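Residues per chain, in single letters:
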Amino acid sequence: MTGLPNRKALFKRLEKQRADAITILYCDLDKFKAANDQHGHVIGDKLLKQFATNLQQKFGIENSYRLGGDEFIALYHLQFNENELITLRQELAMGLSEFKVGVSFGHHQLLPDETPDHGLHEADIMMYRDKTTREEQTIRAFPKKYRKVPREDST
Ligand SMILES: Nc1nc2c(ncn2[C@@H]2O[C@H](COP(=O)(O)OP(=O)(O)OP(=O)(O)O)[C@@H](O)[C@H]2O)c(=O)[nH]1
């Protein structure tokens, strides 16, 4: 649907590239389910296609993959500093933020003696940490909005 190569193609590429150190950027959309539920699957599909386009524009079609659902991978040789990562997040979320959809990411440099599976797992862990940290920051910034209202009949 997005035109991006899939998980199988990603592993094939990573196996072939074992001799070179390459960085895996693991991207997972934030609040995508809510956008899908609120605006419908046609809009959901459009958001996935938009993200795929953003990823390709930044990293090239040959370095962009869709793992499945709202999870994507980009491969690159550059290094990003903290400020560049902020800009990258904004660039990748272009056309999605209007629907309150964001992107979490984790990056991991795959070393020649590391398996692709392990590298992907490390990037996934870092992405999950990014997602939970940013969610916690949002809750701290808007405590009233996220406060759990006690049920009237709760004890
Ligand atoms: N429109 C559309 N939806 C899809 C497709 N593939 C997966 N989904 C939906 O994507 C959603 C992914 O769920 P979650 O990973 O929980 O989404 P999320 O709301 O981003 O979760 P957080 O990452 O915790 O913010 C599910 O509702 C799937 O049904 C697709 O090809 N098209």
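Note: the structure precedes this text.
Residues numbered from 1 in each chain as written. Predicted model: local features only at pLDDT ≥ 70, side-chain atom pairs only at ≥ 80, totals over all residues. Heavy atoms only, no water.

### Topic: the site of the ligand
- For the ligand, the set of nearby residues contains 16 residues, the closest of which are Lys31, Phe32, Asn36, Asp45 and Lys131.
- Within the backbone of Lys31, an N or O atom sits 2.8 Å from an oxygen atom of the ligand.
- Take Lys33: an N or O atom from its main chain is 2.9 Å from an oxygen atom of the ligand.
- Isolated, the ligand exposes 670 Å² of accessible area, and the fraction of that covered by the protein chains is 66%.
- Where the shell around the ligand is concerned, the elements lending two or more residues are strand 1 (22–30), helix 2 (32–39) and helix 3 (41–59).
- Tallying contributions element by element places helix 3 first for the shell around the ligand, with 4 residues. (Near = heavy atom within 4 Å. Polar contact = N/O pair within 3.5 Å; in protein donor to acceptor, adjacent residues only side chain to side chain. Areas by Shrake-Rupley, 256 points an atom, 1.4 Å probe, with all protein chains shown as cover. Helix = DSSP H or I, 4+ residues; strand = E, 2+ residues; numbered from the N terminus.)

### Re the nonpolar core
- Ranked by size, the top nonpolar core spans 24 residues in total, and within it Leu25, Cys27, Phe51 and Leu92 carry the most contacts.
- Listing elements by their share of this core, those giving two or more residues are strand 1, helix 2, helix 3, strand 3 (71–76), helix 4 (82–92) and strand 4 (102–110).
- Of all the elements, helix 3 adds the most residues to this core, at 6 residues.
- Residues contacting Leu92, with those up to four places away along its chain left out, are Leu25, Cys27, Phe51, Asn54, Leu55, Lys58, Val103 and Phe105. (Core = buried A, V, L, I, M, F, W, Y, C linked by side-chain atoms within 4.5 Å. Buried < 20%, exposed > 50% of the residue type's maximum accessible area, 1.4 Å probe, protein only. Contact = heavy atoms within 4.5 Å.)

### Thoughts on the layout of surface pockets
- Its volume calculated, the second largest pocket comes out at about 220 Å³.
- Along the walls of the second largest pocket sit Glu82, Leu85, Ile86, Arg89, Phe105, Gly106, His107, Met126, Arg129 and Asp130, which together make up its complete lining.
- If you list the elements that add at least two residues to the lining of the second largest pocket, you get helix 4, strand 4 and helix 5 (116–141).
- With 4 residues, the single largest contributor to the lining of the second largest pocket is helix 4. (1 Å grid on protein atoms, 1.4 Å probe; cavity = no way out; pocket = protein on both sides within 12 Å on 5 of 7 lines; lining within 4 Å. Points joined across faces, edges and corners; volume = space filled by probe spheres on them.)

### Points about the packing of helix 1 (residues 7–16) against helix 5
- Following both chains from N to C, one finds helix 1 and helix 5 inclined at 115 degrees, their axes separated by 10 Å at the closest point. Residues Arg7, Leu10, Phe11, Leu14 and Glu15 of helix 1 touch helix 5, and the partners they reach there are Pro116, Asp117 and Leu120.
- Here the contact of helix 1 with helix 5 is built from residues that sort into 5 nonpolar, no polar and 3 charged. (Axes fitted to C-alpha atoms, helices over the stretch in contact; angles between N-to-C directions. Nonpolar A, V, L, I, M, F, W, Y, C, P; charged D, E, K, R; others polar.)

### Overview of the side chain of Lys131
- Position of Lys131 among the secondary structure elements: in helix 5.
- Looking at Lys131, the relative accessible area reads 14%, which means it is buried.
- Beyond its immediate chain neighbours, meaning those up to four positions away, Lys131 contacts Asp28, Leu29, Asp30 and Ser104.

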